[in-house]
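Observations on the model geometry
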Amino acid sequence: LVREDEEHVVSIISSLLLRLSGDHHQRVVHKFVENDYEKVDRLVELHEKYFKQVSGYDKAGEDEDQDDGMTPQERRYMQRLDHGLFTLQQVDTIMVFLLSEGVAGIEARVKMLLQMSGSSLHQMVEVLEEYHSNVGEEERGASGSDGLNMKEVTGDLVDFLKDF
């Protein structure tokens, strides 16, 4: 139940950052600055948790052969999504959006926490590159008409992070 709640919350926050603009967008960003960056701290904790969870699954190598019409690579990716990759992708998307806002305190906090925990921005690049390579060109959000091209968005996030 906790994992589902975390997945829902990060999906909502990611959607807000993607779709809001102007004052509404800035209000969401400001929430991550409040209370000495406690929400940034939580994001880094979630990155760590889900990165370890997905890495653990990858090391276990649990592959089930099924006649489901998917290639082994597609099946493996879907299983990784079920084992926390989706939440990790959303968490890393949020963190890169926040880093791209240019708020010095957020940047310093993320870098410090990642370094303290033994994680790195490179991990986020890998996660978002995989997200980018697997998201469809036609993926346009829930309504299908909001014009949001996640392939383009994830590509821009990866480019930003590589140059960061």
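Here is a short report on the structure shown in this document. By convention here, each chain's residues receive numbers from 1 onward along its written sequence. In keeping with the model being predicted, local features are shown solely for residues with a pLDDT of at least 70 and side-chain atom pairs are shown and tallied solely at 80 or more, while totals for entire chains, interfaces and linings include all residues. Side-chain numbers come from the whole structure's heavy atoms, not from hydrogens or water.

**Remarks on a negative patch on the surface**
Together, Glu-152, Asp-156, Asp-159 and Asp-163 make up a region of like negative charge exposed at the surface. Structurally, Asp-163 is set in helix α7 (residues 150-163). For Asp-163, a relative accessible area of 69% translates into the label exposed. Within the patch definition used here, like charges are joined within 9 Å and nonpolar side chains (Val, Leu, Ile, Met, Phe, Trp, Tyr) within 5 Å, considering only residues with over 30% relative accessible area and no salt bridge. Note on areas: these come from Shrake-Rupley sampling with a 1.4 Å probe, and a residue is covered only by the protein chains present in the view. Each salt bridge in this description consists of a side-chain nitrogen of Lys or Arg and a carboxyl oxygen of Asp or Glu lying within 4 Å of one another. For this count, His and the chain ends are skipped, Lys and Arg are scored as positive, and Asp and Glu as negative. Throughout, a charge is located at the NZ atom of Lys, the CZ atom of Arg, the CG atom of Asp or the CD atom of Glu. Under the scheme used here, helices are H or I runs from DSSP no shorter than 4 residues and strands are E runs no shorter than 2 residues, and both carry numbers assigned from the N terminus. Each residue is placed in one exposure class: buried if its accessible area under a 1.4 Å probe, protein chains only, is under 20% of its type's maximum, exposed if it is over 50%, and partly exposed if it falls in between.

**Comments concerning the pattern of salt bridges**
In total, this model carries eleven salt bridges according to the counting rule given. The salt bridge partner of Glu-6 is Lys-49, with a shortest N-O separation of 2.8 Å. Linking Glu-6 in helix α1 (residues 2-19) with Lys-49 in helix α3 (residues 34-60), this pair joins segments that are 43 residues apart in sequence. The residue Asp-41 makes a salt bridge to Arg-109 at a minimum N-O spacing of 2.7 Å. Note that Asp-41 is positioned in helix α3 and Arg-109 in helix α5 (residues 104-117), a separation of 68 residues in sequence. Within the structure, one salt-bridge network assembled from shared partners comprises Glu-6, Arg-42, Glu-45 and Lys-49.

**A few points about α1**
In this model α1 runs 26 Å from its N-terminal to its C-terminal C-alpha over 18 residues, within 8% of the 26 Å that 1.5 Å per residue would give. Listing the buried residues of α1 in full gives Glu-6, Val-10, Ser-11, Ser-14, Leu-17 and Leu-18. Down the axis of α1, the buried side of the element spans an arc of 130°, and every buried residue falls inside it. In this analysis, two residues are considered to be in contact whenever any of their non-hydrogen atoms come within 4.5 Å of each other. Residues of α1 that are buried in the fold lie against α2 (22-31), α3, α4 (72-100) and α7. Expected helix span is taken as 1.5 Å per residue step, with the number of steps being one fewer than the number of residues. Of all possible arcs, the one meant is that of the directions from the helix axis to the C-beta atoms.

**Considering the packing of aromatic side chains**
Geometry of aromatic contacts follows a simple scheme: Phe, Tyr and Trp rings, the Trp one being its six-membered ring, pair when their centres are within 6.5 Å, and the pair is stacked under 30 degrees between planes, edge-to-face over 60, tilted otherwise. All chains considered together, the criterion is met by one aromatic pair. Seen from their ring centres, Phe-160 and Phe-164 are 5.4 Å apart, and the 40° between their planes marks the pair as tilted. What makes Phe-164 partly exposed here is its relative accessible area of 33%.

**Description of the layout of surface pockets**
Taken as a whole, the second largest pocket spans an internal volume of roughly 210 Å³. Around the second largest pocket sit 14 residues that line it, and Val-9, Ile-13, Phe-32, Lys-39 and Leu-43 are the ones nearest its centre. Among the secondary structure elements, those contributing two or more residues to the lining of the second largest pocket are α1, α2 and α3. Looking at the lining of the second largest pocket element by element, the count peaks at six residues for α1. Broken down by class, the residue content of the lining of the second largest pocket amounts to nine nonpolar, no polar and five charged. Throughout, the protein atoms alone are placed on a 1 Å grid, and a set of points is a cavity if a 1.4 Å probe fits but cannot get out or a pocket if it is open with protein on both sides within 12 Å along at least five of seven lines; lining residues have an atom within 4 Å of a point. Grid points are joined across faces, edges and corners, and a volume is the space filled by probe spheres set on the points. Each residue is assigned to one class: nonpolar for Ala, Val, Leu, Ile, Met, Phe, Trp, Tyr, Cys and Pro, charged for Asp, Glu, Lys and Arg, and polar for all the others, Gly among them.

**Quick look at α5**
Helix length check: α5 (14 residues) gives 20 Å between terminal C-alpha atoms against 20 Å at 1.5 Å per residue, within 8%. Inspection of α5 places Ile-106, Arg-109, Val-110, Leu-113 and Leu-114 among the buried residues, and these make up the whole buried set. All buried residues of α5 project into a common sector of 120° when viewed along the axis, lining one side. Across α5 from its buried face, at more than 90 degrees, point the exposed residues Ala-104, Gln-115 and Met-116. Those residues of α5 that are buried lie in contact with α2, α3, α4 and α6 (121-134). Once α5 ends, the next one or two residues include Gly-118, with phi positive near 80°.

Such coordinate-based values are descriptive only and should not be taken to indicate function.
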